[in-house]
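Residue-level structure breakdown
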Amino acid sequence: MPLAYAVLLCLHLLAATLWVGGMWVMHVAVRPAAVASLGPPLRLPFMAATLKRFFAWVSAAIGVLLLSGLAMIWMAGGFGVMHWSVHAMFALGLLMMAIFGHIRFGPFKRLQRAVAAHDWPAAAPQMNQIRQLVALNLLLGIVVFVLAVVGRAP
Ligand code: HEM
């Protein structure tokens, strides 16, 4: 494997790990701990501030994933020569990015507005929708990892 390809793959894997690992931590640790220990007036601003920081890193990770992935495909000779698992990764990766975009500019924007207005009854359902969509993206991310790695076996 040429060095440039190995560097791109390393960046690609770091970005995928940040995104999928970050969703795992949010879903199984941060949100449940916040629900268990904080009431809505503390929990919802805390979750909005935590997600704001996490989503900025996810946006950067998405840029790195797309650029490194497409650069590796270009170096390898185009989509035509890639294994089916890369095509599946690309399709599911784009779906994950679309779901992230929806979260970021849909329920997350509404959560921020409701939190700024101290409107907890309006903020709670937005947080619940974010939780469900992050769970879906987490599942898709794990499927992509399995397809990308195990799918390469002949
Ligand atoms: C949507 C844009 C994406 C493109 C264009 C893309 C493209 C690629 C390419 C070309 C490789 C190298 C394959 C090889 O050397 O045979 C790769 C590897 C990999 N990608 Fe992606 N990818 C994308 C998204 C993702 C996402 C969202 C994840 C995880 C959530 C992911 C996880 C991986 C993993 C784990 C590998 C390592 C596979 C291995 O070397 O065994 N990719 N990707």
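Below: a short report on this structure.

Criteria and cut-off values
- Residues numbered from 1 in each chain as written.
- Predicted model: local features only at pLDDT ≥ 70, side-chain atom pairs only at ≥ 80, totals over all residues.
- Heavy atoms only, no water.
- Patch = residues over 30% accessible without salt bridge, like charges linked within 9 Å, V, L, I, M, F, W, Y side chains within 5 Å.
- Areas by Shrake-Rupley, 256 points an atom, 1.4 Å probe, with all protein chains shown as cover.
- Salt bridge = Lys/Arg side-chain N within 4 Å of Asp/Glu carboxyl O.
- Lys, Arg positive; Asp, Glu negative; His and termini not counted.
- Charge placed at Lys NZ, Arg CZ, Asp CG, Glu CD.
- Helix = DSSP H or I, 4+ residues; strand = E, 2+ residues; numbered from the N terminus.
- Buried < 20%, exposed > 50% of the residue type's maximum accessible area, 1.4 Å probe, protein only.
- Donors = N, O, S within 2.8 Å, 3.2 Å for Na, K, Ca; no water.
- Tetrahedral: all angles 85-135°; square planar, octahedral: opposite > 155°, others 65-115°.
- Axes fitted to C-alpha atoms, helices over the stretch in contact; angles between N-to-C directions.
- Parallel < 35°, antiparallel > 145°, perpendicular 65-115°, else oblique.
- Left-handed = near helix turned anticlockwise from the far one by under 90°.
- Contact = heavy atoms within 4.5 Å.
- 1 Å grid on protein atoms, 1.4 Å probe; cavity = no way out; pocket = protein on both sides within 12 Å on 5 of 7 lines; lining within 4 Å.
- Points joined across faces, edges and corners; volume = space filled by probe spheres on them.
- Nonpolar A, V, L, I, M, F, W, Y, C, P; charged D, E, K, R; others polar.
- Near = heavy atom within 4 Å.
- Polar contact = N/O pair within 3.5 Å; in protein donor to acceptor, adjacent residues only side chain to side chain.
- Sits in = over half its atoms within 2 Å of the grid points.

**Structural notes on a positive patch on the surface**
Taken together, Lys52, Arg53, Lys109, Arg110 and Arg113 make up a surface patch of like positive charges. Of all elements in the fold, only helix H2 (40–76) and helix H4 (107–116) reach the threshold of two or more residues within the positive patch. When residues in the positive patch are grouped by element, the largest group, three residues, is from H4. Position of Lys109 relative to the elements: it lies in helix H4. The class of Lys109 is partly exposed, set by a relative accessible area of 32%.

**Quick notes on the coordination of the iron atom of the ligand**
At this site the iron atom of the ligand is bound by His12 (NE2) and Met89 (SD), with donor distances of 2.0 Å. With six donor atoms in place around the iron atom of the ligand and angles of 84 to 180° between them, the coordination shape is octahedral. One end of the pair, His12, is in helix H1 (residues 3–37); the other, Met89, is in helix H3 (residues 84–105), and 77 residues separate them in sequence. Relative accessible area serves as the criterion here: at 12%, His12 is assigned to the buried category.

**With respect to the packing of H2 against H3**
As a packed pair, H2 and H3 sit with axes 11 Å apart at the nearest point and diverge in direction by 155°. As summarised for this structure, H2 and H3 are arranged roughly antiparallel, according to the angle between their axes. Crossing hand, H2 versus H3: left-handed. Where H2 abuts H3, its residues Phe55, Val58, Ser59, Ile62, Leu65, Leu66, Leu70 and Ile73 lie against Val86, Phe90, Leu94, Met97, Phe100, Ile103 and Arg104.

**Quick word on the layout of surface pockets**
Of the voids in this model, the largest pocket is the one considered here, and its volume is about 750 Å³. Lining the largest pocket we find 30 residues, and of these Leu9, His12, Met72, Met89 and Ala148 sit closest to its centre. Mapped onto the lining of the largest pocket, the elements with two or more residues apiece are H1, H2, H3 and helix H5 (120–149). Tallied by class, the residues present in the lining of the largest pocket amount to 23 nonpolar, six polar and one charged.

**Let's talk about the site of the ligand**
Near the ligand you find 24 residues, and of these Tyr5, His12, Leu13, Met89 and Arg152 are the closest. Tyr5 places a side-chain nitrogen or oxygen 2.6 Å from an oxygen atom of the ligand. Between the ligand and Arg152 there is a distance of 2.6 Å, counted from an oxygen atom to a side-chain nitrogen or oxygen. Judged by the fraction of its atoms near the pocket grid, the ligand is located in the largest pocket. When residues of the shell around the ligand are traced back to their parent elements, those giving at least two are H1, H2, H3 and H5. Partitioning the shell around the ligand into residue classes produces 19 nonpolar, four polar and one charged.

**Description of a nonpolar patch on the surface**
A cluster of nonpolar side chains, Leu13, Trp24, Val25, Val28, Ile142, Phe145, Val146, Val149 and Val150, forms an exposed patch at the surface whose accessible area comes to about 790 Å². Counting residues per element, the ones that place at least two in the nonpolar patch are H1 and H5. One can find Val150 in the segment after H5. For Val150, a relative accessible area of 57% gives the class exposed.

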